[in-house]
Every structure is written in C-alpha cells, then in structure tokens.
Amino acid sequence: MSEELKKAAAFRAVAMVATGMVLGLGTGTTTRFALLELARRLKSGELKDIVGIPSSLQTEQIALSEGIPLTDLENHPRIDLTIDGADEVDDELNLIKGGGGALLREKVLAQNSSQNVIIVDQSKISHQLGKKWAVPVEVLPFALGSEKQFLTDLGAEVSLRTLPDGQPFRTDQDNLILDAAFGTIREPEKIARAMEQRAGIIEHGLFLGLATRVIIASEEGISIRSREDVK
Ligand code: A5P
C-alpha cells in the first residue's frame, strides 16, 4: 500500500476520535500514521483527555515518543475505539491479522472495544480469507512441534516465522509464530474453533466478527464498510 493511501485511511480513522475517549492502539505501518495524526491533534488542542492502550511494545514506543498518554486494561477495562490495520479483509469484514506478530494483544483490545476501526487499502480486500495471506498463529514454544503437526493435519502449509538472521521471531510474550497457509478458507469459524481447542495455541490471527468498521483507501478515495452493512 502506498504511504499516501495508508495515511489517508489512518487520518479518516483518527477523525472518528473524540475528546475523552479510551483508545486501543493497534500495530503496524498503517496504524503508525494514525498514531502520528492522533499526536498532532492532541498537540494542537483539537483533542483532549485521550488515553491509549498499546497493542505492542513497538506501538508503546511510538506513542511514548509522540506524547500520547498511555494507560492499561487494569485502569480502563473498557475501550471506546480501537484503530488497527489488517492483512486481509473478507466480504463479511472478517480479518486476518498478525503480520506484525502482535495478534494476541490486538485481539484482546478488539474484544474489549465498543468500536473496532480497521484501516487498510484496497489490496487487502478479498472475497474469502486465506487467498492472500497465511494465518499467523501464536504458539507456546514448548508445544511448537505438536501444534505444527496439528495445523498441517488441519490442511495448512506451515512455516515458523523467522527474523532476517534466521532466528525464530519472538512475540512480545516471548512466544513463536507459525504462519499457516490454508489457501482459500471456506469455513473460517470451523478452523478458528479447532485452533481454539489447542492448549499450545495461544491465539490465532482470524478476527471473526470483531471489526465494526473498515476504512478502505484506494486511488479513487476512501470508502467505509460497517458491520451493519454485512448483517
Ligand atoms: C500486526 O500484528 C498486524 O495485525 C497488523 O495490524 C497488520 O499486519 C497490518 O499491518 P500494516 O498496516 O503494516 O500492513
């Protein structure tokens, strides 16, 4: 996605933020633009009394360096609005997330938010999930071999996410990520439920029924899809 499209989607989402809100702060290159715009609106005095809960250490660092006040779920168990990116979005606004490895905390924020606003460009839209992206699965290191086998038996081509130096990628919780490429996922609920039965799978990147709005930026402009549109 071009930087300009990322920015356009992010700015539109930040326009939905009102003074006094508790915000969930997603992770990724698109969300970064939202954080910068949020900081600008706070500095200019357009917005006041905002607190954010970061979904990753990376987002926490950006927020701290930009002067966005932070809080946690202990002090604010309910979130008004979360702004986050996604890797793939289907016709029913189901998502694949976790390209940046922050899916666990992202899902915690999404499950505790009144509104989940997802910012993407047109290239991330799919009729069915799995066409473009593997499902990131956060796995307990102890269970790695067994969960890899489980996901393979479920029909996925599975790879351990690694860093450029070949070392395994570690999440903020010090777990591992298996990228499970299922191809087109015809029954995402079935796969999600199967993964949720596994003690060694901490969380998966299928975000089903969680997005309340998706802001899609394209060369033609911005379009917004809402959960009500797909019911
Ligand atoms: C982070 O773990 C992800 O869920 C991101 O939200 C997703 O990968 C989108 O990231 P970009 O905005 O960088 O494409």
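Residues numbered from 1 in each chain as written. Predicted model: local features only at pLDDT ≥ 70, side-chain atom pairs only at ≥ 80, totals over all residues. Heavy atoms only, no water.

Draft legend 1. How the structure looks around the site of the ligand. Near the ligand there are 16 residues, and of these Thr 29, Thr 30, Asp 87, Glu 106 and Lys 124 occur at the shortest range. Contact distances for the ligand include 2.5 Å between an oxygen atom and a side-chain N or O atom of Thr 29. Thr 30 has a polar side-chain atom sitting 2.5 Å from an oxygen atom of the ligand. Its residues placed into classes, the shell around the ligand shows two nonpolar, nine polar and five charged. (Near = heavy atom within 4 Å. Polar contact = N/O pair within 3.5 Å; in protein donor to acceptor, adjacent residues only side chain to side chain. Nonpolar A, V, L, I, M, F, W, Y, C, P; charged D, E, K, R; others polar.)

Draft legend 2. Layout of the pairing of strand β2 (residues 51-54). With four bridges joining them, strand β1 (residues 22-25) and β2 adopt parallel strand pairing. Looking across to β2, one finds that Leu 25 is bridged to Pro 54. Regarding topology, helix α2 (residues 29-43) serves as the crossover connection from β1 to the parallel β2, and that connection is right-handed. (Pairing = 2+ DSSP bridges. Helix = DSSP H or I, 4+ residues; strand = E, 2+ residues; numbered from the N terminus. Right-handed = clockwise from strand over helix to strand, strands pointing away.)

Draft legend 3. Region of interest: the environment of Glu 37. Along the polypeptide, Glu 37 turns up in helix α2. Spatially, the C-alpha atom of Glu 37 lies 19 Å from that of Leu 57, the residues being 20 residues apart in sequence. Other than its neighbours up to four places away in sequence, Glu 37 contacts Phe 11 and Val 14. At 2.9 Å, the side chain of Glu 37 forms a polar contact with the side chain of Arg 40. (Contact = heavy atoms within 4.5 Å.)

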